[in-house]
Amino acid sequence: MAGSIKDRVAILGMGCTRFGERWDASAADLIVEAAYQAFEDAGIGPDEIQAAWVGTSTGNTGMTISEPLRLQYIPVTRVENACATASDAFRNACYAVAAGIYDIVLVVGVDKFKDAGISGLGDGGTPGPSHSMIPETTPPRSFAMLATTYFAKYGLSYEEGKHMIGRVSWKSHQNGMRNKNAHFQGNVTMEQILNAPMVSWPLGLFDCCGVSDGAAAAIVTTPEIARARKKDPVLVKALQIAMAPRDGNFNQQYDFLHVEATVRAAEKAYEEAGIKNPREEISMAEVHDCFSITEAVTMEDLRFSPRGKVRDDIENGFFDLDGKLPVQTDGGLKCFGHPIGASGLRMIYEVYLQLQGRADEVLNPGFPSRQLPNPKLGLTHNLGGPRTVAPSLSAFLV
Amino acid sequence: MAAQWREHETAIPLYGVKCRQCGTPQLFLSQSSTRAHICLNCRARDDFEPYRFADKSGTVRSFSHDYLAGGIDPPTTAAVIDFDGGGRGQFLMVDRDPEECQVGMRVEMTFRKLRHTLGAHTYFWKCKPVRD
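Residues numbered from 1 in each chain as written. Chains lettered and ligands numbered in written order. Predicted model: local features only at pLDDT ≥ 70, side-chain atom pairs only at ≥ 80, totals over all residues. Heavy atoms only, no water.

Topic: the interface of chain B and chain A
Contacts between the two partners involve 40 residues from chain B and, on the opposite side, 34 residues from chain A. Across the chain B to chain A interface the summed buried area is about 3300 Å²; carbon plus sulfur atoms make up 57%. When the buried surface of chain B facing chain A is broken down by residue, Gln31(B), Arg88(B) and Gln90(B) rank first, second and third, together holding 20% of it. Where chain B packs against chain A, one counts 1 salt bridge. In this structure, the salt-bridge partner of Asp66(B) is Arg141(A), at a minimum N-O distance of 3.0 Å. On inspection of chain B and its partner chain A, the count reaches 19 residue pairs in polar contact (both at pLDDT 80 or more). Within the residue set of the side of chain B that touches chain A, elements represented by two or more residues are helix H1 (2–7), strand S4 (58–66), strand S5 (76–83), strand S6 (88–92) and strand S7 (106–117) of chain B. (Contact = heavy atoms within 4.5 Å. Buried area = accessible area lost by both parts, 1.4 Å probe. Salt bridge = Lys/Arg side-chain N within 4 Å of Asp/Glu carboxyl O. Polar contact = N/O pair within 3.5 Å; in protein donor to acceptor, adjacent residues only side chain to side chain. Helix = DSSP H or I, 4+ residues; strand = E, 2+ residues; numbered from the N terminus.)

Some thoughts on helix H8 (residues 260–273) of chain A
All names here are of chain A. Helix length check: H8, at 14 residues, gives a terminal C-alpha distance of 20 Å against a target of 20 Å (1.5 Å per residue), a fit within 8%. Residues of H8 that are buried include every one of Ala261, Thr262, Val263, Ala265, Ala266, Ala269, Tyr270, Glu272 and Ala273, and no others. In the segment just after H8, Gly274 is the residue with positive phi, at about 80°. (Expected span 1.5 Å × (residues − 1). Buried < 20%, exposed > 50% of the residue type's maximum accessible area, 1.4 Å probe, protein only.)

Thoughts on the pairing of strand S1 (residues 10–16) of chain A
Residue and element names in this part refer to chain A. Of all the 7 residues making up S1, 7 are buried; the element is thus mostly covered by neighbouring parts of the structure. Pairing geometry for S1 and strand S8 (residues 234–235), over 2 bridges, is antiparallel. Residue pairing across strands places Ile11 opposite Val234, the latter belonging to S8. As judged from the 6 bridges shared by S1 and strand S7 (residues 213–221), these two strands associate in the antiparallel manner. For Gly13, the partnering residue across the bridge sits in S7 and is Ile219. (Pairing = 2+ DSSP bridges.)

Below is the structure:
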């Protein structure tokens, strides 16, 4: 029987770089930027770190961070788990502290995609002479299939379906405009979203997140140490991952209307945290909006909306910044882009800021406050998928 | 070359397996392997008989038209097919007007050119609408 992480670890400090086209910075530069922000926020120096984890899809070994930070012979592990890499790196760090082996540890997530010069992740096809016979697929195509089935099953016309998912992206852009760390800070209208070029039907340009450069870092410790140094630290309530057997494309039982890995991870996370009614009890959430339809379906998978009914909540503004359950309050993957190794930590950073009343530290000048009134419980959801719609895992920090 | 040799009894004739313990037909098609070991339904290990999918018709469960993929016949239409008798796979769709694609439409399998890599054409199974 598995144990519980609830209230056994605390976040002492965090950092997050500006995400986007960081031509000015190498991955190493971004790592130093994020890590030192975290050290300053925690009020510690690098010598207090006893172990570290790095989440990255493009870096190599623990040296990804030990080299730029000149970490002195401490254990450093590289974690990779597709788009959920950063959350899994965080999870591993937390378990090491909860196990009582280390008191203060560092997690850094980083990726740089913009130098490649393309806007997507490509198809992951095997290069070279031993090319497999099997055709590749792409993330937009895989996730688009959720939309195709959702529209058909729930009787949405093409226009109704497009408006539902477009409204998701619109809401995120409204939030991203206020965030000085976001990649995309522009004002994107519903008209632009609905008339955008098609990427993979029915997903258009603004239904898809972009790739990006960025890094984020967290310093994790015991609640005792955190309370000695900070007033009212943020505590971790649950950490769950569910890895799918990746049979969605081969098993007729999968309905292409939900993500089973999210449903199962959520079930276990709510149990671990003691949450009975997530729609009522969760104050805010950062979910994996790689595509607009993914966010919509995730609201049902997380039991924020009843199955098949998320459209009403979306269109009524239930998830808007001033709604009952604000989602993507920082702008999400939609506005930050997706540097794979960093995204999960960027989500945790937003929850961390909001819970402490510090959301306006990253407010764009001239915009109204982005601070939620008195949030109590924040949820992050990070979804990994190697080109399949039955993706690999979801992880939670509540 | 090694990958294609390993795949030649499965990918080329479109053979999957049928589990002897629970009777579930299943394909295993990934770029790293086309050989099933563990039944996706009952998790029995290596207790299969060969099962031919190439001659089966099926129903479209979902699809998408990929406008950025390039390929022979843009937009590239990919569809998830639920085969009559059991089993499922994802294949490109050909001989179709994108406008006519619908969840629930009937398709059958066909062997077509897939890509041209380093001087070699490769071929693979695709689906096409059943037409009278």
